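# Structural description and commentary
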Amino acid sequence: MSKPKIAIIISTTRAARFGHKPAAWVRDIAAQRGDIETEIIDLRDFPMPFFDEVSTNAWAPTQNPVGQRWQKKVAEFDGYIFVTAEYNHGIPAVLKNALDYAYPEWNKKTAAFVGYGAVGGARAVEQLRLVAAELQMATIRNGVYIQGADFMAALKEGKDLKEITYLQTGVKDLLDQLLWWTNALKTARDQEKLTKAA
Ligand SMILES: Cc1cc2nc3c(=O)[nH]c(=O)nc-3n(C[C@H](O)[C@H](O)[C@H](O)COP(=O)(O)O)c2cc1C
């Protein structure tokens, strides 16, 4: 079986953001394994307007060209790692907008979560799990939560996330589970395609 393709999605876009740092950290850990192919996806590269289509693309094709480009990009992957901040105990609006801009492209794939914030972005991640379920994604139980003093040290003092041992273990466990579910769903999707073609 070919290596599963996993997008690592940076979920914030503001100029002074922190989000690209944990995304790069997760990518570097994944790169050491050899059983998974990853690509960082930056929502800055997909500046979609607030959703303004006649419908979700489950029902009608999207007209906005950036939205169309976003859907093509999402479709390339077998699963996703959402690296998310917590804004007022919820997910960043730019991430929710991006999630709404695709539908079939997310379906029957995996979603894993890396949160950061005072409580590791846990409240945002729990909301994101509900949204992912509606988009027909299988959510991965083990999340990574960069929190408390560790988050503040990384955010304010530039502490390297590589130095925080329990977080490395957390990413390994997340990737192990993600790989299992992603391969299982890929097999099922491939089987479904064969059945439909027959
Ligand atoms: C609008 C806004 C709301 C925030 N709300 C929360 C929050 O509810 N919980 C939390 O832990 N941190 C909160 N923070 C602090 C963020 O954890 C911190 O700014 C983090 O760096 C945001 O991610 P980003 O840098 O990738 O944008 C908030 C920050 C902003 C800008």
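Check the entry above for the structure.
Residues numbered from 1 in each chain as written. Predicted model: local features only at pLDDT ≥ 70, side-chain atom pairs only at ≥ 80, totals over all residues. Heavy atoms only, no water.

## As for the packing of helix H1 (residues 20-31) against helix H6 (residues 165-197)
The N-to-C vectors of H1 and H6 enclose an angle of 65°; their axes lie 10 Å apart at closest approach. Between H1 and H6 lies a crossing of right-handed hand. Contact residues: Trp-25, Val-26, Ile-29 and Ala-30 in H1; Leu-167, Gln-168, Val-171 and Leu-175 in H6. (Axes fitted to C-alpha atoms, helices over the stretch in contact; angles between N-to-C directions. Helix = DSSP H or I, 4+ residues; strand = E, 2+ residues; numbered from the N terminus. Left-handed = near helix turned anticlockwise from the far one by under 90°. Contact = heavy atoms within 4.5 Å.)

## Remarks on the packing of aromatic side chains
The final tally for this structure, using the stated rule, is 12 aromatic pairs. Where Trp-70 meets Trp-106, the ring centres are 6.1 Å apart and the plane angle is 65°; that geometry is what we call edge-to-face. In this pair, Trp-70 sits in helix H2 (residues 65-75) while Trp-106 sits in the loop between helix H3 (93-100) and strand E4 (109-117), placing the two residues 36 residues apart along the sequence. Each member of the pair, Trp-70 as well as Trp-106, is classed as buried. Ring geometry for Trp-180 versus Trp-181: centroids 5.2 Å apart, planes at 70°, classification edge-to-face. The exposure class assigned to Trp-180 is exposed, which follows from its relative accessible area of 56%. For Trp-181, a relative accessible area of 42% corresponds to the partly exposed category. Every member of this aromatic cluster is reached through a ring pair, and the members are Phe-46, Trp-70, Phe-77, Tyr-80, Phe-82, Trp-106 and Phe-113. Looking at Lys-5, its charged tip hangs above the ring of Phe-77, at a distance of 5.3 Å from the centre. (Phe/Tyr/Trp six-rings, centres within 6.5 Å; stacked < 30°, edge-to-face > 60°. Buried < 20%, exposed > 50% of the residue type's maximum accessible area, 1.4 Å probe, protein only. Lys NZ or Arg CZ within 6 Å of the ring centre and 35° of its normal.)

## Notes on the site of the ligand
The local shell around the ligand holds 16 residues, among which Thr-12, Arg-14, Phe-18, Tyr-87 and Tyr-116 are the closest. Note that a nitrogen atom of the ligand is positioned 2.8 Å from one of the backbone N or O atoms of Asn-88. Residue His-89 places a main-chain N or O atom 2.8 Å away from an oxygen atom belonging to the ligand. Burial of the ligand by the protein amounts to 74% of the accessible area it has alone, namely 620 Å². Residue assignment for the shell around the ligand shows that the elements contributing at least two residues are E4 and helix H5 (148-157). Tallied by class, the residues present in the shell around the ligand amount to seven nonpolar, five polar and four charged. (Near = heavy atom within 4 Å. Polar contact = N/O pair within 3.5 Å; in protein donor to acceptor, adjacent residues only side chain to side chain. Areas by Shrake-Rupley, 256 points an atom, 1.4 Å probe, with all protein chains shown as cover. Nonpolar A, V, L, I, M, F, W, Y, C, P; charged D, E, K, R; others polar.)

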